[in-house]
Amino acid sequence: MEKTVSQKSSRLSLVTMALIGVMTAVTCILGPLAIPLPFSPVPISFTNLAIYLTLYVLGMKAGTFSYLVYLLLGLVGLPVFSGFTGGPAKLFGPTGGYLAGFIFMALIAGFFIDRFPKKYYLHIAGMILGTFICYIFGTAWLCFQMKLSFGAGLMAGVVPYLPGDAAKIIVSVIVGPALRYGVNQVKNR
């Protein structure tokens, strides 16, 4: 028996909602994993890796929505932020600008991933641009919170993280398209 268009779109919506839940859970698992650095209040986090992979699985809109759900879970106090923390104090603390900046990172990187599906060099460009915007938000807020100069903020919240973020982008561009292909196979059944 062939499915009607409304049944297919309903199933797609259910699949998408389920995937949003799964990818939010993945972010809740990877987000708290953090490596503290003794010279900075900003730990090495895997949140951006989770977001990049989510964008491949869900696309820009649903991927950004998934991150917003994660952000709200942390805001209400669930320990999903770096170092297994949560609550408004984390969002309004020194690293809160990065948490807000991830929204723009998701929108920008997701746009490039959706708009240029087979052009992986543009995916990398979108992730770099999105990460740059996230760094601006994070560094500005870090400087405000800790009363640092912008240069000191860059040294505390950006420069030490560049190699790791580059590695996360490379991993995402290698793993992400395979995830997207697998999800599309499931959606098209």
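What counts and what doesn't
- The written sequence of each chain sets the order in which its residues are numbered from 1.
- At least 70 in pLDDT is required for a residue's local features to be given in this predicted model, at least 80 for side-chain atom pairs to be given and counted, and no such filter applies to totals for whole chains, interfaces and linings, which use all residues.
- To obtain the side-chain values, all non-hydrogen atoms of the structure were included, while hydrogens and water were left out.
- For the purposes of this entry, the term helix denotes a DSSP run of H or I that reaches at least four residues, the term strand denotes a run of E that reaches at least two, and both are numbered from the N terminus.
- We compute the radius of gyration from the C-alpha atoms alone; for a globule the expected value is 2.2 Å times N to the 0.38, where N is the number of residues.
- Between the rings of Phe, Tyr and Trp (Trp by its six-membered ring), a pair exists once the centres lie within 6.5 Å; its type follows the angle of the planes, with under 30 degrees stacked, over 60 edge-to-face, and the other angles tilted.
- Only protein chains enter the accessibility calculation, which uses a 1.4 Å probe; a residue is then buried when its area is under 20% of its type maximum, exposed when over 50%, and partly exposed in between.
- Think of it as a cone above the ring: NZ of Lys or CZ of Arg counts as a charge over the ring if it is within 6 Å of the ring centre and within 35 degrees of the ring normal.
- Nonpolar side chains (Val, Leu, Ile, Met, Phe, Trp, Tyr) are joined into patches within 5 Å and like charges within 9 Å, using only residues with over 30% relative accessible area and no salt bridge.
- The Shrake-Rupley method, run with a 1.4 Å probe sphere, supplies the accessible areas, and residue values consider only the shown protein chains as cover.
- In the sections that follow, a salt bridge refers to a side-chain nitrogen of Lys or Arg positioned within 4 Å of a carboxyl oxygen of Asp or Glu.
- By definition in these notes, contact holds between two residues if any of their heavy atoms fall within 4.5 Å.
- An axis is simply a line fitted to the C-alpha atoms; with a helix, the fit covers only the stretch in contact. Between two such axes, the angle follows the N-to-C directions and lies from 0 to 180 degrees.
- Orientation categories follow fixed angle ranges, with anything under 35 degrees roughly parallel, anything over 145 roughly antiparallel, 65 to 115 roughly perpendicular, and all other angles oblique.
- For any helix crossing, the convention is left-handed if the near helix is rotated counterclockwise from the far helix by under a right angle, and right-handed if that rotation is clockwise.
- Each residue is assigned to one of three groups, with Ala, Val, Leu, Ile, Met, Phe, Trp, Tyr, Cys and Pro labelled nonpolar, Asp, Glu, Lys and Arg labelled charged, and all others, Gly among them, labelled polar.
- Here the expected span of a helix is defined as 1.5 Å times the quantity of residues minus one.
- Note on bend: the value at a residue is the angle between axes fitted to the seven residues ending there and to the seven starting there.

When its secondary structure is counted, the chain shows seven helices and two strands. Element order for the chain, N to C, with α for helix and β for strand: α-β-β-α-α-α-α-α-α. Compactness check: the chain gives a C-alpha radius of gyration of 17 Å against a globular reference of 16 Å for 189 residues, within 12% of the reference. Projected onto its principal axes, the C-alpha positions of the chain cover 65 × 35 × 20 Å.

One pass over the structure, following the stated rule, counts seven aromatic pairs. Taking the centre distance of 5.6 Å and the plane angle of 40° together, the rings of Tyr 67 and Tyr 70 count as tilted. Taken together, the residues Tyr 67 and Tyr 70, both in helix α2 (residues 47-75) and three residues apart, mark about one turn of the helix. For the pair formed by Tyr 67 and Tyr 70, the shared burial category is buried. Judged by centre distance (5.7 Å) and plane angle (80°), the rings of Tyr 70 and Phe 81 are edge-to-face. Taken together, the residues Tyr 70 in helix α2 and Phe 81 in the loop between α2 and α3 (88-91) connect sequence positions 11 residues apart. Comparing Tyr 70 with Phe 81, the two get one shared label, buried. Aromatic rings pair up to connect Tyr 67, Tyr 70, Phe 81 and Phe 102 into one cluster. The ring of Phe 46 carries the charged tip of Lys 168 above its face, separated from the ring centre by 5.5 Å.

This paragraph deals with a nonpolar patch on the surface. Taken together, the side chains of Ile 170, Val 171, Ile 174, Val 175 and Leu 179 define a hydrophobic patch exposed on the protein surface, amounting to about 420 Å² of accessible area. Summarising the element assignment, Ile 174 is placed in helix α7 (residues 162-187).

To continue, consider unusual backbone geometry. Positive phi, normally seen in glycine, also occurs at Phe 84, with a value near 60°. Structurally, Phe 84 can be placed in the loop between α2 and α3. Non-glycine residue Lys 147 carries a positive phi angle of around 55°. Tracing the backbone through its elements, the reader meets Lys 147 in the loop between α5 (120-146) and α6 (150-157). For Lys 147, a relative accessible area of 73% puts it in the exposed group.

Another point: the side chain of Thr 54. In this fold, Thr 54 is placed in helix α2. The class for Thr 54 is buried, based on a relative accessible area of 2%. Excluding its chain neighbours within four sequence positions, the residues that come into contact with Thr 54 are Met 23, Thr 27, Gly 59, Gly 63 and Ser 66.

All right, on to the packing of α2 against α7 then. The N-to-C vectors of α2 and α7 enclose an angle of 30°; their axes lie 7 Å apart at closest approach. Classed by the angle they form, the pair α2 and α7 counts as roughly parallel. Considering how the two elements wind past one another, α2 and α7 form a crossing that is right-handed. Looking at the contact of α2 with α7 residue by residue, the class counts come to 13 nonpolar, four polar and four charged.

This brings us to α5. Here α5 is 27 residues long and its end C-alpha atoms lie 38 Å apart, about the 39 Å a rise of 1.5 Å per residue gives. Buried residues along α5 sit in contact with α2, α4 (96-115), α6 and α7. The first or second residue beyond α5 is Lys 147, which carries a positive phi of 55°.

All right, on to α2 then. For α2, built from 29 residues, the straight-helix expectation of 42 Å at 1.5 Å per residue is missed by more than 12%, its first-to-last C-alpha distance being only 15 Å. A bend of about 125° at Gly 59 is the largest found in α2. Counting buried positions over the 29 residues of α2 gives 22, a clear majority of the element. Looking one or two residues beyond α2, the residue adopting positive phi is Gly 77, at roughly 115°.

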